[in-house]
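# Architecture and fold: a report
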Amino acid sequence: MEFKDLPTGRQGIVQSPGAENDSHAGVRQHGLAIMDYIRYLINLANVFHVSYRWSAKADAAVVKFLIRNSSTFILATEFEFDTEGAWDIDIYENPTITAVGTRVVPYNMNRRDTGTPHARFNADPTATGGTQILMSTSGGINTGAAKEHSGLWHLEEGEDYLVVLTNKSDATGDCSLQLVFVEEGLPATSSTSSSTSSSTSSSTSSSTSSSTSSTSSSTSSSTSSSTSSTSSSTSSSTSSSTSSTSSSTSSSTSSSTSSSTSSSTSSSTTYVISAPTMQSNAASDITSGGADLHGQITDLGNENLDNIGFVYGETTQGDPGDTAPAATSYDSYFVQGGDYSSLADFDKTIEDLTTGTTYYFRVCGHNSAGWAYGDELTFDTL
């Protein structure tokens, strides 16, 4: 085979038809395996997609996106950033939030299923700080379109996550954020094991040995007399020996007390049910005699709510605490029963209000742990 169009010095590498087919087949099979897995998850109706785009942002502009995970799920999340030119990407865990921004709706990727996630997503929040867990750049020094993936993250239950995008392209540009995520249940059980072992060992042995031996006394007297010489020898030897008088006292105390205590406790984790957390949102469509009240559930308290509603009146009141709406000091209330399992927004149109009057209201919610209220907000009828 000739490569007439190749520049001088370039080398063309051609695989055999068999090797090339094998290579393509491998890529194709790998891709199909991934698609089958995603299709499997989507069929389970627990894969969700959320996206948001910022248009015509000036150089050095900063945009933010807030993820608020519920306390009952781990969020398995894959981030994708699409930008025009270079943008810095930073993600912070548990930031300080002043305002949550604009609600962004996630969608179930199984379009035949109506399930909604418990996590909340908001564009352009007022939030700062937190623990930085990602520092990246989309596009680098490239111009034009660029893409950046951050990999799969398991976002902790009950935590907030702030995505901060900064335009570094030296030009006006667009950027967008896409999230594909699965809400995974918390571990069902946990085991706590405590073991205490103490051993005291002492040995008392008492042995007294007293020995007196070889007490010997010897007296020897010898007298020798000879004609040629007189020798008198008197040898007196007295040997008194007390030897090996030994007194040995050996005292050893051995007392053995062995005590071992082992305690092991294994129990299933019990999630404590607490009263829900509610957020009052600004009233809208205010007229001379009515208004639309808005609120949302921001934390279920580990149990579905059975009642939601509002309290309102012409006089400001303190937080009612764990008090039913009918028993509060507010002039009026509205309660709606049901089974509320998601962190959802809801609203109520109220009427028969007095013209030109300031009204005070709070959102409220209830589960088996009790009632909870959002902050008190106000509006003025026209």
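Sequence positions are assigned chain by chain, starting from 1 and proceeding in written order. Residue-level local features of this predicted model are given only where pLDDT is at least 70; pairs of side-chain atoms are given and counted only at 80 or more, and the full residue set underlies all totals for whole chains, interfaces and linings. Side-chain figures throughout are based on the complete set of non-hydrogen atoms in the structure, without hydrogens or water.

## Some thoughts on the packing of aromatic side chains
Centres within 6.5 Å are what make two rings of Phe, Tyr or Trp a pair, Trp counting through its six-membered ring; a difference in plane orientation under 30 degrees is then read as stacked, over 60 as edge-to-face, and the rest as tilted. This model, assessed by the stated rule, comprises 9 aromatic pairs. Between Phe361 and Phe379, the aromatic rings sit 5.9 Å apart at their centres with planes inclined by 55°, giving tilted as the arrangement. On the criterion of sequence distance, the pair formed by Phe361 in strand S25 (residues 358-367) and Phe379 in strand S27 (residues 377-380) is long-range, its members being 18 residues apart. By relative accessible area, Phe361 is classed as buried at 0%. Residue classification places Phe379 among the buried residues on the basis of a relative accessible area of 5%. Taken together, the ring pairs connect Phe48, Tyr52, Trp54, Phe65, Phe121 and Phe181 into an aromatic cluster. Whether a charge sits over a ring comes down to the Lys NZ or Arg CZ being within 6 Å of the ring centre and within 35 degrees of the ring normal. When the ring centre of Phe334 is taken as origin, the NZ or CZ atom of Lys348, which lies over that ring, is 4.4 Å away. Each helix is a run of H or I in the DSSP string that is no shorter than four residues. Each strand is a run of E no shorter than two, and both are numbered from the N terminus. Residue exposure (1.4 Å probe, protein chains only): buried if accessible area is under 20% of the type maximum, exposed if over 50%, otherwise partly exposed.

## Re the sheet that holds strand S12 (residues 160-167)
Strands belonging to one sheet form pairs held by backbone hydrogen bonds; the direction of such a pair is parallel or antiparallel. Criterion used throughout: strands pair if DSSP finds at least two bridges between them. Taken in spatial order, the 6 strands line up as S6-S8-S2-S12-S4-S10 in an open sheet, and their pairing is antiparallel. Only two strands of the sheet have a single partner each, and these edge strands are strand S6 (102-103) and strand S10 (131-138).

## A closer look at the pairing of strand S13 (residues 173-185)
Examined bridge by bridge, strand S1 (residues 47-57) and S13 share 9 bridges and lie antiparallel to one another. Note on S13: the bridge partner recorded for Val50 is Leu179. Strand direction decides the pairing type here: strand S3 (residues 73-84) and S13, joined by 11 bridges, are antiparallel. Counterpart to Glu80 in the pairing with S13 is Gln178.

## Looking at the confidence of the model for the chain
Per-residue confidence for the chain gives a mean pLDDT of 74; residues scoring 70 or more make up 64%. Per-residue confidence from the predictor is reported as pLDDT, a score between 0 and 100. By definition, residues are in contact when any of their heavy atoms lie within 4.5 Å. In the predicted structure, residues 1-24 sits below a pLDDT of 50 and forms 4 contacts with residues beyond four places in sequence or in another chain. Segment residues 190-270 is flagged for pLDDT under 50; beyond a separation of four residues in sequence, or across chains, it makes 105 contacts in the model.

## Observations regarding the sheet that holds strand S24 (residues 345-350)
Strand order in the open sheet made by the 3 strands is S20-S21-S24, with antiparallel pairing throughout. A strand with exactly one partner marks an edge of an open sheet, and here the two such strands are strand S20 (277-284) and S24. Taken pair by pair, the neighbouring strands of this sheet meet at an average axis angle of 25°, ignoring direction. Here 6 bridges tie strand S21 (residues 291-299) to S24, and the two strands are oriented antiparallel to one another. Across the sheet, residue Gln296 finds its bridge partner in S24, namely Asp345. The axes are straight lines fitted to the C-alpha atoms, using for helices just the contacting stretch, and the angles between their N-to-C directions are given from 0 to 180°.

## Overview of unusual backbone geometry
A positive phi angle, near 60°, is found at Asn94, a position not held by glycine. Topologically, Asn94 is positioned in the loop between strand S4 (87-93) and strand S5 (96-99). According to the relative accessible area criterion, Asn94 is partly exposed, its value standing at 47%. Positive phi outside glycine occurs at Asp285, with the angle close to 50°.

## What about the nonpolar core?
Note that soluble globular proteins tend to have their nonpolar side chains buried in a common cluster. The set of buried Ala, Val, Leu, Ile, Met, Phe, Trp, Tyr and Cys residues whose side-chain atoms join them within 4.5 Å is what this entry labels a nonpolar core. Judged by nonpolar contacts, the single largest core of 25 residues is most densely connected at Phe65, Ile67, Phe79, Phe121, Leu165 and Leu179. Among the elements of the structure, S1, strand S2 (62-68), S3, S4, strand S8 (120-123), S12 and S13 are those that each provide at least two residues to this core. The element that contributes the greatest number of residues to this core is S13, accounting for 4 residues. The contacts of Phe79, once residues within four sequence positions are left out, are Ile67, Ile91, Glu148, His149, Ser150, Gly151, Trp153, Leu155, Val163, Leu177, Gln178 and Leu179. In this structure, Leu293, Tyr340, Phe346 and Phe379 belong to the second largest nonpolar core, which totals 20 residues.

## Remarks on the pattern of salt bridges
Any carboxyl oxygen of Asp or Glu within 4 Å of a side-chain nitrogen of Lys or Arg constitutes a salt bridge here. Within the structure shown, the criterion is met by 3 salt bridges. Salt-bridge contacts for Asp160 lead to Arg68; the nearest nitrogen and oxygen are separated by 3.1 Å. With Asp160 in strand S12 and Arg68 in strand S2, the pair connects residues that are 92 residues apart, well separated along the chain. What emerges from the salt-bridge pattern is a single network uniting Arg103, Arg120 and Asp345.

## With respect to the environment of Tyr92
Mapping Tyr92 onto the fold places it in strand S4. What makes Tyr92 partly exposed here is its relative accessible area of 21%. Separated by 40 residues in the primary sequence, Tyr92 and Gln132 place their C-alpha atoms 4.2 Å from one another. In contact with Tyr92, other than residues within four places in its own chain, are Gly129, Gly130, Thr131, Gln132, Asp160, Tyr161, Leu162 and Val164.

## Points about the environment of Thr77
Among the structural elements, Thr77 can be located in strand S3. Each C-alpha atom of the pair Thr77 and Leu179 lies 6.6 Å from the other, and the pair is 102 residues apart in sequence. The residues touching Thr77, leaving out its near neighbours within four places in the chain, are Gly151, Leu152, Trp153, Leu155, Leu179, Val180 and Phe181. Whenever two N or O atoms come within 3.5 Å, that pair is a polar contact, provided that in protein one can donate a hydrogen and the other can accept it, and provided that, for residues adjacent in sequence, both atoms are side-chain atoms. There is a polar contact of 3.3 Å between the side chain of Thr77 and the backbone oxygen of Leu75.

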